[in-house]
Amino acid sequence: MHSQEIYLDSNATTSVLPQARAAALNAMSECFGNPSSVHASGLKARACIAEVRARARRLLGVPSGELVFTSGATEGIQTAVLSALQAVAGRSDVRCLLYGATEHKAVPEALRHWNQVLGLGLEVLAIPVATDGRHDLAWLREHARHAGLVCTMAANNESGVISDLAGISTALQQSPALWLVDGVQALGKLTLNLVQLGVDYAVFSGHKLYAPKGIGLLYVCEGAPLTPLLAGGGQEGALRSGTENVPAIAALGAVFEALEDTDSFRDVTTLKVFRDRLATALCDAFPGLMFNAPAKWCLPTTLNFSVPDVDAKLLLDAFDAVGLRMSGGSACSATSQQDSHVLRAMGLPAWQINSAVRLSFGPADDITLIDEACRRIRLCGSSLKQHGLLPSSPVKLRPEGGLVRLTANGACCYLLLDAESRRCVVIDPLPELTATLAQWMRCRDAVLIAVLDTHSHGDHVSSSGALWQATGARPADPGALDALGWPLAQDSLILGRQRLSRLALPGHTQDAVAYLWYSESDVLLGAFVGDTIMPGALGRSDFEQSAPLEYCDSLRRLRQFVGSNTLLMPGHDYEDRLACTFESELAAQPLLKRALHEQVDPVAFAAEKAQLESGLALTKHHTIVCGAQVSNACAPMQNGVEASQLKKLVQRHSTLIVVDVRESHEQQLCKLPSLGPQTRMQSVPLTRLLNALPSWLGAAHDQALLLVCRSGNRSGAVARALAQLGHPNCYSLIGGLALWPSVADQKTKVTSPSLLV
Ligand code: PLP
């Protein structure tokens, strides 16, 4: 029986094959000697290495040339690049270095690095690829005449596209260039005829094929230049000094052995059957799904796909909830906000890049695992459908009144719905969210009465028109609305028993306003303040449409209307702080404090602000920043709780409430484990969390809360935000459900969504 976790991210790394684990352990106990020692212990270790090298030669079909054990492909790439560049240094016929535009970052970075270190000043050029991900061979033929080194991968880690190595070999025939092939993703899945192709260098990595991390292999063709990257004790025939990693080499040897026998790994035909089953399950689950590379060119183990109008994060969170591990873009860039350079190079449209998910399994996987993965993929599709999250599959949902907050690239958009009348207002619509918002309203039969902007935005054009169009609703006569969407003839917008009014706040822009949100008893529930005041920042006022001299008075006016503790909901929230209050910001923003305490006049305020705003960099989302962050604005995380400390936490806070901040579909797909009968559980999805803030910060503000999500990111941000808003007792489970010990048992209970509702 396979474990409940189904790992479908094998292009990032794989588990370690049991035989490889055993071989490593055996090497540690039986072959622990230093391979350079001349006594029996050393000889045993050396023999182990020699045996693995011989096996690698057979497997790769390279009877001659060097096979050097390295720490991984990145090291192999450095050695190959250094060797080639050393050899071509000073040659007048060499002007450039070429690499495939979809190459792993290690390749172009190594080319630039060694080009600079060696002072060669060669041009480093990307070989373009077509939309099918394959190299432009005509371009290559043309440029290769002046190239010193050409680097191309055998198969791509993100798209799965297999390169036409035979075509590249032909294109290089008249070229003086040395040729490096990154064979990382090909090992165990494709046959590489390195010798026949005339490859000079090839690199491989153990952890992509069931060996541990930290072991790789570099092939250097006989006669190709080779400069050691590491000099020292002369190991590996002085080609790579440093005591050999014998356990990892032994493990790699066990993987090679498994490749040579026919039982451990599936053949390509079988793998294609697996891939087709997964592809069918994906298409069934997500109507309209598109594959981002043609199957005929792809590895039989990789599927890269996008679902129109469904963000990759939404899919990944749902998959993760049922124990399916996949990734968006490449694993190396998973923590950075950069989109996929591979899909970009292939010229795919932005939506396809932003929605891309990669599913990659390994040749050791079996049909039982694939079928179970297919079942869970369909389960995710049904759950997202039931929650109205697949635009292609509209459903009818019971409308839940209140506020929904959605974000894109640090910008915030709010949707306010009155459940009874179904009237709703959208504030600061974002172009990326048009389809999502329209779908949300359609599923709830919501009646869109206004689309409001808090100001004319500097980082995007309002998508108000697109949203009206997507909902099919009719805006009031455009002549009856002001430029921000407010009906000119009205003082208030009525949403059932609630209402919105507006307050002019020129500063960030001349037309900036706040929308004030009142309850039926005319209590101010919150204010949508755009970029006038954001968590940790004031909106910048150096735009053409800004009114810097009016900013100070606008802040004072807003303060008079809203008081110290009203929730201020910003137009941007770069640090995931949800909302702020004047009280929270006065503590963090000295200039704001001085403005409100009349310690600075509007002219001096504008001048000081201008100074704060000089030379602002782009945001991590590569958009223009709409406010200068104050350095101490984001408090460090102090309230993280390890799973092992949960028992103590429950004992300390007898009335602890565990709050699940995952979205409803994730909660449906994977229930939160119980912390015992005395602990209350509450479900507050992050998108609806603003509705809970007033009670958490008001009368019940000393109520201890343990926030939980999938990985600890969302709950950590909420705990930080609550702490910054003055909540004294909020904690976040570090690592989220991923590290919650009992969650593995829960996952066995994944059932049909209809049974879980
Ligand atoms: N090349 C490709 C195609 C890869 O997928 C990777 C791994 O992400 C590398 C190179 C780098 O390999 P390693 O982790 O062994 O340095």
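Check the entry above for the structure.
Rules and cut-offs
- Residues numbered from 1 in each chain as written.
- Predicted model: local features only at pLDDT ≥ 70, side-chain atom pairs only at ≥ 80, totals over all residues.
- Heavy atoms only, no water.
- Helix = DSSP H or I, 4+ residues; strand = E, 2+ residues; numbered from the N terminus.
- Expected span 1.5 Å × (residues − 1).
- Buried < 20%, exposed > 50% of the residue type's maximum accessible area, 1.4 Å probe, protein only.
- Arc of directions from axis to C-beta.
- Contact = heavy atoms within 4.5 Å.
- Phe/Tyr/Trp six-rings, centres within 6.5 Å; stacked < 30°, edge-to-face > 60°.
- Pairing = 2+ DSSP bridges.
- Axes fitted to C-alpha atoms, helices over the stretch in contact; angles between N-to-C directions.
- Near = heavy atom within 4 Å.
- Polar contact = N/O pair within 3.5 Å; in protein donor to acceptor, adjacent residues only side chain to side chain.
- Areas by Shrake-Rupley, 256 points an atom, 1.4 Å probe, with all protein chains shown as cover.
- Nonpolar A, V, L, I, M, F, W, Y, C, P; charged D, E, K, R; others polar.

Chemist: Which residues make up helix H1 (residues 18–30), and what values do they have?
Modeler: Compared with the 18 Å implied by 1.5 Å per residue over 13 residues, the 18 Å span of H1 between its first and last C-alpha is a close match. Among all positions of H1, only Ala20, Ala23, Ala24 and Ala27 are buried. Down the axis of H1, the buried set is contained in an arc of 100°. They therefore lie on one face. Seen from the buried face of H1, the exposed residues on the opposite side, beyond 90 degrees, are Pro18 and Leu25. Where H1 is buried, its residues meet helix H8 (246–260).

Chemist: With reference to specific residues and values, describe the packing of aromatic side chains.
Modeler: Under the criterion given, the structure shown has seven aromatic pairs. Taking 5.7 Å as the distance between ring centres and 10° as the angle between the ring planes, the aromatic pair formed by Trp486 and Tyr515 counts as stacked. With Trp486 in the loop between helix H15 (464–471) and strand E17 (492–495) and Tyr515 in strand E19 (residues 513–518), this residue pair connects regions lying 29 residues apart in the sequence. By relative accessible area, Trp486 is classed as buried at 0%.

Chemist: Mind laying out the sheet that holds E17, listing which residues take part and the relevant values?
Modeler: Paired through their backbone hydrogen bonds, the strands of a sheet run either parallel or antiparallel. Here we have five strands laid out as an open sheet, ordered E17-E18-E19-E20-E23, and mixed in their pairing. The open sheet has two free edges, formed respectively by E17 and strand E23 (568–570), since each of these has just one partner strand. Between one strand axis and the next, the sheet turns through 25° on average, direction left out of account. Of the strand pairs in this sheet, strand E18 (residues 498–504) and E19 are connected by six bridges, and their pairing is antiparallel. From the neighbouring strand, Ser501 faces E19, where its bridge partner is Leu516.

Chemist: Give a description of the pairing of strand E14 (residues 411–417) that names residues and reports values.
Modeler: Burial runs high along E14: seven of the seven residues are buried. Because side chains alternate across E14, one face comprises the buried residues Ala411, Cys413, Leu415 and Leu417, and the other comprises Cys412, Tyr414 and Leu416, equally buried. Judged from the seven bridges that link them, strand E13 (residues 402–408) and E14 form a sheet pairing that is antiparallel. Pairing of Val404 across the sheet is with Leu415, part of E14. The antiparallel hairpin formed by E13 and E14 contains two residues in its connecting segment, where Asn409 sits at a positive phi of about 50°. Across four bridges, the pairing between E14 and strand E15 (residues 423–427) is antiparallel.

Chemist: Could you give me a rundown of the site of the ligand, with the residues and numbers involved?
Modeler: All residues adjacent to the ligand are Gly72, Ala73, Thr74, His104, Met153, Asn157, Asp182, Val184, Gln185, Ser205, His207 and Lys208. Between the ligand and Ser205 there is a distance of 2.6 Å, counted from an oxygen atom to a side-chain nitrogen or oxygen. His207 places a polar side-chain atom, nitrogen or oxygen, 2.9 Å from an oxygen atom of the ligand. Protein contact buries 88% of the 390 Å² of open area that the ligand shows by itself. For the shell around the ligand, the class distribution of residues is three nonpolar, seven polar and two charged.

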